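# Working through the structure, step by step
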Amino acid sequence: MELSWSMKLRIGAAAAVGILIIGVLAWPIAAPADPLGTVSLIGNSLTFGNAVILVGLAVLTGFIAYFLSWPYGRQIGVIAVPFGLAVWALRSGGMTNLIRAHQGAAQRLGLFESLKWEPLFWLVIVIAGFLGVLAGSAVHRKTRQIQVRPTMTKKSSKYVNWAIAIIVTVLVAQFCIVALGKDISIYDARLGSVVSEPANSQIAFATAVSFLIAAFLVKILLGVGYIWPTISSALLTAFVTRTYLNQDLMEHLSANWPVVFLPNSAGFVLPIQMVCFGTLGSIAGYWLAVQYKAWRQECKK
């Protein structure tokens, strides 16, 4: 099913308002002191007050995006804030910048441990945008909405499906990011191989497509929405840190390889990149699955 021009314009308008408000106007909130620095809570000047301002701007962005994409605001407006954060993610320096400032195995391990839960902050910003969309819907309750009939499940199995969706998304997305985000790969006798840091554009592609695949699968198999793959994007960094980046591995890497090498490319994805591109991929994968199921039903007629 091809999107109509009116639908493309609504999507473009929602993305544009996110890029303008979050990506451009709010950039000074997150901009590193070094023009080539990395957008991260570590070593950044993002204060509590700035964080509150960012949450407020995210709510405002979602609210405006709802009306710009009317009458499909609840379906389209949610992409606004992730698109805005994507501008920051693409402008940011890479993970290597942070690793260079943390020499030695213990310092590098401490860095990744510090980054492990940072995605939760960026998830809060994305959720604030979702809440802005809901606020717009509440103000304009009589707006005609597209009703997507959910898959009917028993109440007890619903929670199981949510848990399974998160686990499946984390595993599938991690596997696909490793496969799609590869840059230079060099043989290592202990690890099999190490890879260098991909470009931001490669990370964006690999992360978005990986979550698209995962969200498509959990929608088709479990009937769940894009919320659960989106939540999974905030958990994947912790999974990668726990699974791959331990003390022994950090000692091996610091003794044998430059800072631009890690055991796989998932370790190079910044928290902001994981969440914003993961969210966009999750939303796209969900709606692709909805269209696929509608096409299958049409074919059966």
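Just above, that's the structure.
Attention here is on the structure that accompanies the text. Predicted model, so just to flag it, every value in this text is computed and none were measured. Every chain is numbered independently, its residues counted from 1 as its sequence is written. Totals for whole chains, interfaces and linings use every residue, but because this is a predicted model, local features are given only for residues with pLDDT of at least 70 and side-chain atom pairs only at 80 or more, for both listing and counting. Each side-chain value is worked out from all heavy atoms of the structure, with water and hydrogens disregarded.

Helix and strand assignments follow DSSP, with helices taken as H or I runs no shorter than four residues and strands as E runs no shorter than two, numbered in order from the N terminus. When helices and strands are counted, the protein shows 14 helices and three strands. Values of the radius of gyration come from C-alpha atoms, whereas the globule rule sets the reference at 2.2 Å times the count of residues to the power 0.38. Rg of the C-alpha trace for the protein: 20 Å, near the compact-globule value of 19 Å for 301 residues, within the 12% margin. Dimensions along the principal axes, computed over C-alpha positions, put the protein at roughly 60 × 45 × 35 Å. For each residue, the accessible area found with a 1.4 Å probe, counting protein chains only, is set against the maximum for its type, and the residue is called buried under 20%, exposed over 50%, and partly exposed in between. The buried share of the protein, taken over its 301 residues, is 50%. Every residue pair with non-hydrogen atoms within 4.5 Å of one another is taken to be in contact. Intrachain contacts of the protein at a sequence separation of at least 6 include 85% that bridge at least 24 residues. Within the protein, the 10 negative side-chain charges are centred at a point lying 21 Å from the centre of the 22 positive side-chain charges. Residues counted as positive are Lys and Arg, residues counted as negative are Asp and Glu, and His and the chain ends are not counted. Charged groups are reduced to one reference atom each: NZ for lysine, CZ for arginine, CG for aspartic acid, CD for glutamic acid.

On to empty space enclosed by the protein. Each cavity reported here is a set of points on a 1 Å grid over the protein atoms alone in which a 1.4 Å probe fits but cannot get out, each pocket an open set with protein on both sides within 12 Å along at least five of seven lines, and each lining residue one with an atom within 4 Å of a point. Grid points are joined across faces, edges and corners, and a volume is the space filled by probe spheres set on the points. Summed over all chains, the structure comprises two cavities of 30 Å³ or more. Lining the largest cavity, in full, are Met-95, Phe-112, Thr-237, Val-240, Thr-241, Leu-245, Ala-266, Gly-267 and Val-269. The leading source of residues in the lining of the largest cavity is helix H12 (residues 236-244), at three residues. Here the residues of the lining of the largest cavity sort into six nonpolar, three polar and no charged. Here the second largest cavity is characterised by a volume of approximately 40 Å³. As for the second largest cavity, its lining consists of Ile-99, Arg-108, Phe-112, Met-250, Leu-253, Val-259, Phe-261 and Leu-262. Among the elements of the structure, helix H7 (105-115), helix H13 (247-256) and strand S3 (261-262) are those that each provide at least two residues to the lining of the second largest cavity. Amino acid classes used here: Ala, Val, Leu, Ile, Met, Phe, Trp, Tyr, Cys and Pro are nonpolar; Asp, Glu, Lys and Arg are charged; the rest, including Gly, are polar. For the lining of the second largest cavity, the residue count by class is seven nonpolar, no polar and one charged.

If you look at the biggest cluster of nonpolar residues, it comprises 64 residues, and the most contacted ones within it are Leu-85, Trp-88, Trp-122 and Met-250. A per-element tally of this core places helix H14 (residues 271-300) first, with eight residues. Not counting the four nearest positions on each side in its chain, Leu-85 is found in contact with Ile-22, Trp-122, Ile-125, Val-126, Ile-272 and Cys-276. Formed by 10 residues, the second largest nonpolar core is a distinct cluster that contains Ala-173, Ile-177, Val-269 and Met-274. To qualify as a nonpolar core, a set must consist of buried Ala, Val, Leu, Ile, Met, Phe, Trp, Tyr and Cys residues joined through side-chain atoms within 4.5 Å.

Moving on, we get to the packing of helix H3 (residues 48-68) against helix H8 (residues 119-139). Where H3 contacts H8, the two axes come as close as 7 Å, and the packing angle between them is 40 degrees. Classed by the angle they form, the pair H3 and H8 counts as oblique. Both H3 and H8 take part in a crossing whose hand is right-handed. Judged by residue contacts, Ala-51, Leu-54, Val-55, Ala-58, Val-59, Gly-62, Phe-63, Tyr-66 and Phe-67 of H3 engage Phe-121, Trp-122, Val-124, Ile-125, Ala-128, Gly-129, Gly-132, Val-133, Ala-135, Gly-136, Ser-137 and Val-139 from H8. Split into classes, the residues belonging to the contact of H3 with H8 amount to 16 nonpolar, five polar and no charged. To get an axis, a line is fitted to the C-alpha atoms, and for a helix only the part in contact is used. The angle between two axes follows their N-to-C directions and goes from 0 to 180 degrees. Angles below 35 degrees are treated as roughly parallel, those above 145 as roughly antiparallel, those between 65 and 115 as roughly perpendicular, and all remaining angles as oblique. If you view the pair so one helix is near and one far, a crossing is left-handed when the near helix is turned anticlockwise from the far one by less than a right angle, and right-handed when it is turned clockwise.

Let's shift gears to the side chain of Thr-38. Assignment of secondary structure puts Thr-38 in the loop between helix H2 (27-30) and H3. With relative accessibility at 8%, the residue Thr-38 sits in the buried group. Residue contacts for Thr-38: discarding those within four places in its chain leaves Pro-32, Asn-44, Ser-92, Gly-93, Gly-94, Asn-97, Leu-98 and Leu-270.

Before going further, it helps to examine helix H1 (residues 5-25). Because an α-helix packs 3.6 residues into every turn, residues spaced three or four apart end up facing the same way. If you check H1, its first and last C-alpha atoms are 28 Å apart, about what 21 residues at 1.5 Å a residue would give, namely 30 Å. Bend angle per residue: angle between axes fitted to the 7 residues ending at that residue and the 7 residues starting there. Of all the bends in H1, the greatest measures close to 30 degrees and is centred on Ile-19. Three or more residues of H1 are buried, namely Met-7, Arg-10, Ala-14, Ala-15, Val-17, Gly-18, Ile-21, Ile-22 and Gly-23. Residues of H1 that are buried sit in contact with H2, H3, helix H4 (73-76) and helix H5 (80-91). What a helix is expected to span follows from its residue count: subtract one and scale by 1.5 Å.

Glancing now at the packing of H1 against H5. Contact pair H1 / H5: the axes reach a minimum separation of 7 Å and the direction vectors enclose 50 degrees. Relative to H5, the element H1 is oriented oblique. For the element pair H1 and H5, the recorded crossing hand is right-handed. Contacts between H1 and H5 pair Ala-14, Ala-15, Val-17, Gly-18, Ile-19, Ile-22 and Gly-23 from the former with Ala-80, Phe-83, Gly-84, Leu-85, Val-87, Trp-88 and Arg-91 from the latter. Each residue belonging to the contact of H1 with H5 can be placed in one class, and the counts come to 10 nonpolar, three polar and one charged.

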